[in-house]
Amino acid sequence: YKTILLFSLVYILGNLVLTLTALPVSIRAGGALPGMIIAMITIGLGTGGIKANVSPMVAEQYSRFRPFVRKLKSGKEVLVDRELTIQSIFSWFYWAINVGGLSAIATTELEANVDFWAAYLLPTLMFVACIFVFWLGRSRYILSKPTGSIVVKAYRTGRAGLRNYRLAKKENRLVMNENGKKVSWIDYAKPSLATDSSSMDWDDRFVDELRTAIRSCKIFLCYPIFWLCYGQISNNLISQSGQMNTGGVPNDIMQNIDPLCIIILIPIFDLLIYPGFRRCGLELRPVTRITIGFLVAALAMAYAAIIQHLVYTTGPYYTHPGEGENGFNDISAGLQVPAYILIAIAEIFASVTGLEYAYKQAPESMKSIVMSIFLFTNAGGSILAFCFNSIAVNPHLVKNFAIVSGLMGAFTVLFFVCFRHYDQRDAEEIMDKTMFEKQTDQY
């Protein structure tokens, strides 16, 4: 809670710098570019501190850890499961994020009809108001006690595990688990397996938690490609709509179709589609949902490539619309809508599930760290986007969308092949935990 408040102040400072340096007097004084650079760094720092902590804090407000029976108004009794409840919480959390995302409609109009400073001032004022409401509710939140930074401790533990593992391998004294398999390298950091544990300020449980965190983070390796696909809605798809007939609507507004679709679709998925699958005996577990999301993202990019081909084969400017004195080609921007719908569906399956997985699989002491690693994959997508700069221009945009689609399709297959067993393993762990709790209740 305090971390979110602190970094919110940093975020507000960045927004104020961006707004003030966008004023005409600042632009005339040459403060626009330095102000934008400072603002981007400050806003980025604030965003990192907020995002890594707000998602775990939202989920922590649900404090029940065991299933219980609830009686509905109709008299029907239903079993409330924690796993499904957390899944639903993150869906509605993502829904709320995209409600806020619709503010881009207002900021685009302010930019077009007033000035950039007005477009920056509106979200700044709204954020200040929201943080004030957040502060007012401080006595109502369920707050976890801070455990301090564990980054250095995790590094030292990992280094000890590697060192001890290499030494054990060299001396031919590798340890086997109860199933007769070699234990993981990180297990050699456990004081119980070390020949000298005097320098170890951690216990076996911390090593187990670190192993769980490392295992969970492996699933995020393919996400940069997904964020590369998602990032197209804020750059190349906007460029594409600028080459099409938007009916007088600013092409920047087209990207708001994505949050609008998410606002409509999340209730449908949470209340109808997911429960429908469960009633049919088909539980869409995390890896399955993420795989579907990756596949849909690949289809969205393939569709964008087809639309870009239609743009280039339509006159009057063909492969060079929007360049110099050229206007747009005679093709409706409405053809873009399915691409935004597909991206929205991909987000519901992949992005929401990624947040959920980062929270549920992370140990209690590492939830913010694991969430940070998941969010860091977004930066990976941005870095990958630089590799496409040379073909993110006319007349190469068809190649851009096609290559991104192909990459996402390939990584979808790779992801499913590498991690499909995670669903079964997680289901078994949940079942074992439930059975243990039942036995504990009996005693």
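Residues numbered from 1 in each chain as written. Predicted model: local features only at pLDDT ≥ 70, side-chain atom pairs only at ≥ 80, totals over all residues. Heavy atoms only, no water.

**Q** Help me understand empty space enclosed by the protein, please; the structure alone is not making it clear to me.
**A** A probe as big as a water molecule, rolled over the atoms, marks out the empty space that is left. Evaluation of the coordinates by the stated rule reveals 1 cavity of 30 Å³ or more. Its volume calculated, the largest cavity comes out at about 30 Å³. Looking at the largest cavity, the residues that line it are Gln-87, Tyr-274, Phe-277, Arg-278, Leu-282, Glu-283 and Leu-284. Sorting elements by how many residues they give to the lining of the largest cavity places helix H11 (residues 257–279) first, with 3 residues. When the residues that make up the lining of the largest cavity are grouped by side-chain class, the tally is 4 nonpolar, 1 polar and 2 charged. (1 Å grid on protein atoms, 1.4 Å probe; cavity = no way out; pocket = protein on both sides within 12 Å on 5 of 7 lines; lining within 4 Å. Points joined across faces, edges and corners; volume = space filled by probe spheres on them. Helix = DSSP H or I, 4+ residues; strand = E, 2+ residues; numbered from the N terminus. Nonpolar A, V, L, I, M, F, W, Y, C, P; charged D, E, K, R; others polar.)

**Q** Looking at this structure, I do not really get the pattern of salt bridges. What am I missing?
**A** Between side chains of opposite charge, a pair can form as their charged atoms come close. Following the criterion strictly, the structure yields 8 salt bridges and no others. Two residues, Arg-211 and Asp-208, come together in a salt bridge whose shortest N-O distance is 3.0 Å. In this pair, Arg-211 and Asp-208 are both assigned in helix H8 (residues 204–217), 3 residues apart and thus about one turn of the helix distant. In this structure Arg-211 comes out as partly exposed when scored by relative accessible area, which is 29%. (Salt bridge = Lys/Arg side-chain N within 4 Å of Asp/Glu carboxyl O. Buried < 20%, exposed > 50% of the residue type's maximum accessible area, 1.4 Å probe, protein only.)

**Q** For this particular structure, what's the right way to read the pairing of strand S1 (residues 68–71)?
**A** Working note: regular strand, side chains alternate between the two faces of the sheet. By the bridge criterion, 4 bridges tie S1 to strand S2 (residues 77–80) in an arrangement that is antiparallel. By the bridge assignment, Arg-70 is partnered in S2 with Val-78. From the end of S1 to the start of S2, which pair antiparallel, there are 5 residues, and Gly-75 there has a positive phi angle of about 95°. (Pairing = 2+ DSSP bridges.)

**Q** Explain the packing of aromatic side chains here, please?
**A** The relative placement of two aromatic rings is captured by the distance of their centres and the angle of their planes. Within this structure, the stated rule accounts for 25 aromatic pairs. Their ring planes at 45° and their centres at 4.6 Å tell us that Tyr-11 and Phe-127 sit as a pair that is tilted. Here the residue Tyr-11 occupies a position in helix H1 (residues 2–20), and Phe-127 occupies one in helix H6 (residues 116–136), the gap between them amounting to 116 residues. In this structure Tyr-11 comes out as partly exposed when scored by relative accessible area, which is 22%. Between Phe-294 and Phe-415, the ring centres sit 5.2 Å apart and the planes meet at 65°, which makes this aromatic pair edge-to-face. One end of the pair, Phe-294, is in helix H12 (residues 286–312); the other, Phe-415, is in helix H15 (residues 397–442), with 121 residues separating them in the sequence. What makes Phe-294 buried here is its relative accessible area of 0%. (Phe/Tyr/Trp six-rings, centres within 6.5 Å; stacked < 30°, edge-to-face > 60°.)

**Q** Help me out: how do you make sense of unusual backbone geometry in this one?
**A** Most peptide bonds are trans, and most residues other than glycine sit at a negative phi. The residue after Gly-315, namely Pro-316, is reached through a cis peptide bond having omega 10°. Tracing the sequence through the fold places Pro-316 in the loop between H12 and helix H13 (337–360). The residue after Asn-394, namely Pro-395, is reached through a cis peptide bond having omega 0°. As for its position among the elements, Pro-395 is in the loop between helix H14 (367–386) and H15. A positive phi angle, close to 50°, is found at Tyr-318, a residue other than glycine. As for its position among the elements, Tyr-318 is in the loop between H12 and H13.

**Q** So what exactly am I meant to see when it comes to the environment of Ser-390 here?
**A** Structurally, the position occupied by Ser-390 is in the loop between H14 and H15. By relative accessible area, Ser-390 is classed as exposed at 57%. Separated by 48 residues in the primary sequence, Ser-390 and Leu-342 place their C-alpha atoms 26 Å from one another.

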